[in-house]
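# An overview of the molecular structure
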Amino acid sequence: MAQSTQTKSNLDKKPIAISSDAFFFEKDKSRSILVLGVGNFLMGDEGVGVHLIQEMDKLELPPHVDILDGGTGGFLLLNCFESYNKIIFVDATMDGKEEGTVSLIRPKFASDFPSALSVHDVGLKDMIEAVYLMENQPDLYLFTISIEQVVPMTTELAPKVEKAIPEAIEQILSLAETLHDQIS
């Protein structure tokens, strides 16, 4: 009897990872906004987009905001662009700005995305080019967090980069509210 109670309480916990696309995409996303963090978690600051999604997962988010750790997914993320009308990307960039600077870009072409810093560069830009070939393209917004270096084989963030995450989340949620008001 104790085992079934333990099993039930484990089922009531929020899942840490979802591996089923069907589970993630079972509701209509046309009125939702996707926040998609990309980057390589094992390359230090380059993984700040993934770290940001992990922090957002701890928050009580509005029902119209969905979050996804896109990692270095490339073309594997293409189905997101068919499901959502508005997507907010989060990625690291070495743009020469002060470390930890949060910037918003409205990319119209894949070339408008800043150069990526790891293996997701080819996949992400190629995926964006493919998105622009689709019949219906979502509105894309890109928040970048400026970094100074990529440190392989670490999940640690530089202090200024880590400190930028709450500010970026605040800006993302503000934009998501504005976008939601436009669709409603």
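Per chain, residues are indexed from 1 in the order of the written sequence. Restriction of local features to residues with pLDDT of at least 70 applies here, the model being predicted, together with a cutoff of 80 or more for giving and counting side-chain atom pairs; totals for whole chains, interfaces and linings are based on all residues. Heavy atoms from the whole structure form the basis of all side-chain values; hydrogens and water molecules are not counted.

The geometry of helix α3 (residues 48-56) relative to helix α6 (residues 159-183) is characterised by a closest axis approach of 10 Å and an angle of 65° between their N-to-C directions. In this structure, the crossing between α3 and α6 has a hand that is right-handed. Together, V48, H51, L52, E55 and M56 of α3 and V161, I165, A168, I169, I172 and L173 of α6 make up the contact between the two elements. For every element, the axis is a line fit to its C-alpha atoms; helices are fit only across the contacting stretch, and the angle between N-to-C directions ranges from 0 to 180 degrees. Numbering of helices and strands runs from the N terminus; a helix is a DSSP stretch of H or I covering at least four residues, while a strand is a stretch of E covering at least two. Each crossing is labelled by how the near helix is turned from the far one, with a counterclockwise turn of less than a right angle marking it left-handed and a clockwise turn marking it right-handed. By the convention used here, residues are in contact when the closest approach between their heavy atoms is within 4.5 Å.

This brings us to the layout of surface pockets. In this structure, the second largest pocket spans a volume of roughly 190 Å³. Both site types are read off a 1 Å grid over the protein atoms alone. A 1.4 Å probe that fits but cannot get out defines a cavity, while an open set with protein on both sides within 12 Å along at least five of seven lines defines a pocket; lining residues have an atom within 4 Å of a point. Lining the second largest pocket we find H51, Q54, E55, L59, T155, E156, L157, E162, I165, P166 and I169. Taken together, the elements giving at least two residues each to the lining of the second largest pocket come down to α3 and α6. By residue number, the principal contributor to the lining of the second largest pocket is α6, which donates four residues. Here the residues of the lining of the second largest pocket are counted per class, giving five nonpolar, three polar and three charged. Grid points are joined across faces, edges and corners, and a volume is the space filled by probe spheres set on the points. For this classification, the nonpolar set comprises Ala, Val, Leu, Ile, Met, Phe, Trp, Tyr, Cys and Pro, the charged set comprises Asp, Glu, Lys and Arg, and every other residue, Gly included, is treated as polar.

With respect to the helices, strands and loops of the structure, D66 is situated in strand β2 (residues 65-71). When a residue's accessible area, from a 1.4 Å probe over protein chains only, is under 20% of the maximum for its type it is buried; when over 50% it is exposed; and in between it is partly exposed. For D66, a relative accessible area of 11% puts it in the buried group. Polar contacts here mean pairs of N or O atoms no more than 3.5 Å apart (in protein, one a potential hydrogen donor and the other a potential acceptor; neighbouring residues in sequence count only if both atoms are side-chain atoms). A polar contact of 2.6 Å, which involves the side chain of D66, links it to the side chain of Y84.

Moving on, we get to the packing of aromatic side chains. Aromatic ring pairs are reported here in terms of the distance separating the ring centres and the angle at which the planes meet. Two rings from Phe, Tyr or Trp (for Trp, the six-membered ring) form a pair when their centres sit within 6.5 Å of each other. Planes less than 30 degrees apart are called stacked, planes more than 60 degrees apart edge-to-face, and all others tilted. If you walk through the whole model with that rule in mind, you get one aromatic pair. Stacked on the ring of Y141, the Lys or Arg R106 has its end atom at 4.0 Å from the ring centre. In this analysis the charged atom, NZ for Lys or CZ for Arg, is taken to sit over a ring once it is within 6 Å of the ring centre and within 35 degrees of the ring normal.

Note on terminology: a nonpolar core comprises buried Ala, Val, Leu, Ile, Met, Phe, Trp, Tyr and Cys residues joined through side-chain atoms within 4.5 Å. One finds V35, L52, M56, I88, I145 and I172 to be the most contacted residues of the largest nonpolar core, which totals 28 residues. Elements with a minimum of two residues in this core: β1 (33-38), α3, β2, β3 (86-93), β5 (139-146) and α6. If one sorts the elements of this core by residue count, α6 sits on top with nine residues. If we skip the residues at most four places from it in the chain, I172 touches V35, L52, M56, I88, V90 and F143. Among the nonpolar cores identified, the runner-up in size contains 18 residues, and L36, V38, F113 and M134 belong to it.

Note on placement: D57 falls in the loop between α3 and β2. Its relative accessible area of 34% is what places D57 among the partly exposed residues. Sequence separation between D57 and I67 is 10 residues, and the spatial gap between their C-alpha atoms is 7.5 Å.

A separate point is the pairing of β3. Summarising burial for β3: eight of the eight residues are buried, a large majority. Judged by which residues are buried, β3 turns out to be covered on both faces: K86, I88, V90 and A92 on one side and I87, F89, D91 and T93 on the other are all buried. Both β1 and β3 contribute to a ladder of five bridges, which runs parallel. Paired with L34 across the bridge in β3 is I87. Two strands form a pair only when DSSP identifies at least two bridges running between them.

In this fold, V90 is placed in strand β3. Classification of V90 by relative accessible area gives buried; the value is 0%. Every residue in contact with V90, bar those within four places of it in the chain, is listed here: V35, L36, G37, V38, G49, L52, L142, F143 and I172.

As a further point, take the sheet that holds strand β4 (residues 102-105). The strand order across the open sheet formed by five strands is β2-β1-β3-β5-β4, and the pairing between neighbours is mixed. Looking at which strands have only one partner, the edges of the open sheet turn out to be β2 and β4. Between one strand axis and the next, the sheet turns by 20° as a mean value, whatever way the strands run. Relative to β5, β3 is paired through eight bridges, and the arrangement is parallel. Bridged to D91 within β5 is T144. Its contacts with the sheet place α6 against β1, β2, β3, β4 and β5, and it is angled at close to 165° to β5.

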